[in-house]
Amino acid sequence: MKNILTRTIKQVSAVFSNKGYVLIIVLIIIAAIISISSEFLTLAQTNTKYLQSFTNRQKAYWVARSGINLAIELLEADKKGSVGNFISGDIETDPNIDSYKDIWALPLPEIPLENGNIQIHIEDENAKINLSVLANEFVEQTPYYIITQRFFINMGLPLDLADCILDWVDIDDARSPYGAESSDYYQNLKKPYKAKNDALDSINELLLIKNITPLLFYGLGGGNFGLEQNLVEDNKGLQNVIESLTKSAKVEIAKSISQIKIGKEKNRALYNYLRVNGDRSDYLNDINKININTASYRVLSALTDSMTDDKVTELIRRRLQKPFKNVDEISDIITDENVRKNLLTVRSYIFKIRSTGKVGSTTLSIIIFYHRERKQIIFWSEA
């Protein structure tokens, strides 16, 4: 009897023990299912957000692409003198000159579209100094090298910078007096590389050149930074002035122009004053020339040794009244005919276009450089 009772207790304990074991397994499985379901839900939500973000980015791209097409149409219309297709009213434009009164230069508002909106900005590259033609396969130094030297001097920066850029774009490995070449500098860096010895592909390439630090490149310090006085935002004037106005309106505008403050621009970022695109093989090509109707105060100051502040101010004052139709209109300011004929122009050929498309909270910018004479996009980037 005692043996039977003992055996029965053992059997019951075993049953309860097995049930407890099964219960633990069930709980573990349930916990695992909950965990997997939670991860799946999170993954699904993430994928949905990613898909939405991807979709919005694609839409933003095409919105920005539309802006690029519109900007090109504006430039082409301006060249033909047919801006009436874009702006109503009796508007006259001279297709033989480019200035800040042209339609491409207007501060365009944000343009709403069905799927988002576009912001377009067009910038004249002929207002800048072309660094790629400081030297080429035929000439060790061009006049643009001297202009670049003056530009850096006026910024309170050392002459070394012009020599370093010259050595970067010339074709040989012979170092300029204050420059740098592969053997004596770039190959000795912790992460060595070679001097380009060719035209620059992008203005950002300046950051590879000796002594051009991010601080200088972005205009955040160096030289006479913080010491200059009477700075202005820009010297573009009344960009939206229409020539066909009443006599009284023109008088009021003339008064307004006379009160506009002219001076060095606040922004010291190098990419606002220097460029890389043009015709390297022929530095005298019109494409490389500097447009006196759009050039900044800082660039105009570097054109000759005799460009005093008074002369630069007078030049800008005149163009605010009426854009120059030819370079000889400033013969009393820049008396050197070789400079006027060979380095200056009143037309522009290459333009930088930035088009930003926005869909929801997603934005995408497309930046191109457009060669209007060739009707060709010579550079394209997205960000």
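Refer to the structure presented above.
Since the model is a prediction, treat every value here as computed from it, not as a measurement.

Visitor: What is the right way to look at the overall build of the protein in this model?
Guide: Check the secondary structure of the protein and you find 8 helices and 9 strands. Expressed as a percentage of the 383 residues in the protein, the buried residues total 42%. A fraction of 65% describes how many contacts in the protein between residues 6 or more apart in sequence connect residues 24 or more apart. Carbon and sulfur atoms form 55% of the exposed surface of the protein, whose accessible area is close to 20700 Å².

Visitor: Would you mind showing me how to read the packing of aromatic side chains here?
Guide: Here a ring pair, both rings aromatic, is described through the centre-centre distance and the interplanar angle of the planes. With the rule as written, the count across this model stands at 13 aromatic pairs. When the ring of Phe151 is compared with that of Tyr273, the centres are 5.8 Å apart and the planes differ by 45°; the resulting orientation is tilted. Taken as a pair, Phe151 in helix H2 (residues 143-154) and Tyr273 in the loop between helix H5 (247-258) and strand E4 (274-275) lie far apart in primary sequence, 122 residues in all. Across the pair, exposure class does not vary: Phe151 and Tyr273 are buried alike. Ring centres of Phe369 and Phe379 lie 5.6 Å apart, and the angle between their planes is 65°; this geometry places the pair in the edge-to-face category. With Phe369 in strand E8 (residues 362-371) and Phe379 in strand E9 (residues 376-382), the pair connects residues that are 10 residues apart, well separated along the chain. Exposure remark for Phe369: the relative accessible area of 12% places this residue in the buried category. Using a relative accessible area of 27% as the deciding quantity, one classes Phe379 as partly exposed. One aromatic cluster is present, formed by Trp168, Tyr185, Tyr186 and Tyr193 through successive ring pairs. When the ring centre of Tyr185 is taken as reference, the NZ or CZ atom of Lys210 above it lies at 5.0 Å.

Visitor: Teacher, can you tell me more about the packing of H2 against helix H3 (residues 160-169) here?
Guide: The geometry of a pair of packed helices is captured by two quantities: the angle between their axes and the separation between those axes. Interaxial distance between H2 and H3 falls to 8 Å at its minimum, and their mutual angle equals 145°. Seen from above, H2 lies across H3 with right-handed handedness. When H2 is examined against H3, the residues Tyr145, Thr148, Gln149 and Phe152 are found in contact with a partner set consisting of Leu161, Ala162, Asp163, Ile165 and Leu166. Residues of the contact of H2 with H3, tallied by class, amount to 6 nonpolar, 2 polar and 1 charged.

Visitor: Explain the pairing of E9 here, please?
Guide: Here is the key point about a regular strand: its side chains alternate between the two faces of the sheet. Where E8 lies against E9, 6 bridges are found, and the strand directions are antiparallel. Bridge pairing in E9 places Tyr370 opposite Ile377. Counting the residues in the hairpin turn of E8 and E9 gives 4 residues, including Lys375, whose phi is positive at 55°.

Visitor: Honestly, empty space enclosed by the protein in this entry has me stumped. Any pointers?
Guide: Take a probe with the size of a water molecule and roll it over the atoms, and the empty space left behind shows itself. Counted according to the given criterion, the structure contains 2 cavities of 30 Å³ or more. Size it by volume and the second largest cavity reaches roughly 50 Å³. Phe151, Asn154, Met155, Lys264, Tyr297, Arg298 and Ser301 are the residues that line the second largest cavity. Those elements that place two or more of their residues in the lining of the second largest cavity are H2 and helix H6 (297-300). A per-class count over the lining of the second largest cavity returns 3 nonpolar, 2 polar and 2 charged.

Visitor: Could you clarify how one ought to interpret the layout of surface pockets in this entry?
Guide: In this structure, the largest pocket encloses a volume near 610 Å³. Forming the boundary of the largest pocket are 27 residues, of which Tyr100, His121, Glu123, Asp234 and Lys236 lie nearest the centre. Here the element with the most residues in the lining of the largest pocket is strand E2 (residues 117-124); it accounts for 5 residues. Here the lining of the largest pocket is composed, by residue class, of 12 nonpolar, 7 polar and 8 charged.

Visitor: Help me understand the side chain of Thr362, please; the structure alone is not making it clear to me.
Guide: Summarising the element assignment, Thr362 is placed in strand E8. You can call Thr362 buried: its relative accessible area is 14%.

Visitor: What should I look at first to understand H3 in this one?
Guide: Residue pairs three or four apart in sequence face the same way in an α-helix, which turns once every 3.6 residues. Burial runs high along H3: 9 of the 10 residues are buried. Contact partners of the buried residues in H3: H2 and helix H4 (214-217).

Visitor: Sorry if this is basic, but what is going on with H2 here?
Guide: Between its terminal C-alpha atoms H2 stretches 17 Å, which fits the 16 Å expected from 12 residues at 1.5 Å a residue. Restricting attention to buried positions, one finds in H2 the residues Tyr144, Tyr145, Ile147, Thr148, Gln149, Arg150, Phe151 and Phe152. On its buried face, H2 is in contact with strand E3 (129-130), H3, E4, strand E5 (290-291), H6 and helix H8 (337-343). Of the residues flanking the end of H2, it is Gly156, one or two places downstream, whose phi is positive at about 75°.

Cut-offs applied
- Residues numbered from 1 in each chain as written.
- Predicted model: local features only at pLDDT ≥ 70, side-chain atom pairs only at ≥ 80, totals over all residues.
- Heavy atoms only, no water.
- Helix = DSSP H or I, 4+ residues; strand = E, 2+ residues; numbered from the N terminus.
- Buried < 20%, exposed > 50% of the residue type's maximum accessible area, 1.4 Å probe, protein only.
- Contact = heavy atoms within 4.5 Å.
- Areas by Shrake-Rupley, 256 points an atom, 1.4 Å probe, with all protein chains shown as cover.
- Phe/Tyr/Trp six-rings, centres within 6.5 Å; stacked < 30°, edge-to-face > 60°.
- Lys NZ or Arg CZ within 6 Å of the ring centre and 35° of its normal.
- Axes fitted to C-alpha atoms, helices over the stretch in contact; angles between N-to-C directions.
- Left-handed = near helix turned anticlockwise from the far one by under 90°.
- Nonpolar A, V, L, I, M, F, W, Y, C, P; charged D, E, K, R; others polar.
- Pairing = 2+ DSSP bridges.
- 1 Å grid on protein atoms, 1.4 Å probe; cavity = no way out; pocket = protein on both sides within 12 Å on 5 of 7 lines; lining within 4 Å.
- Points joined across faces, edges and corners; volume = space filled by probe spheres on them.
- Expected span 1.5 Å × (residues − 1).

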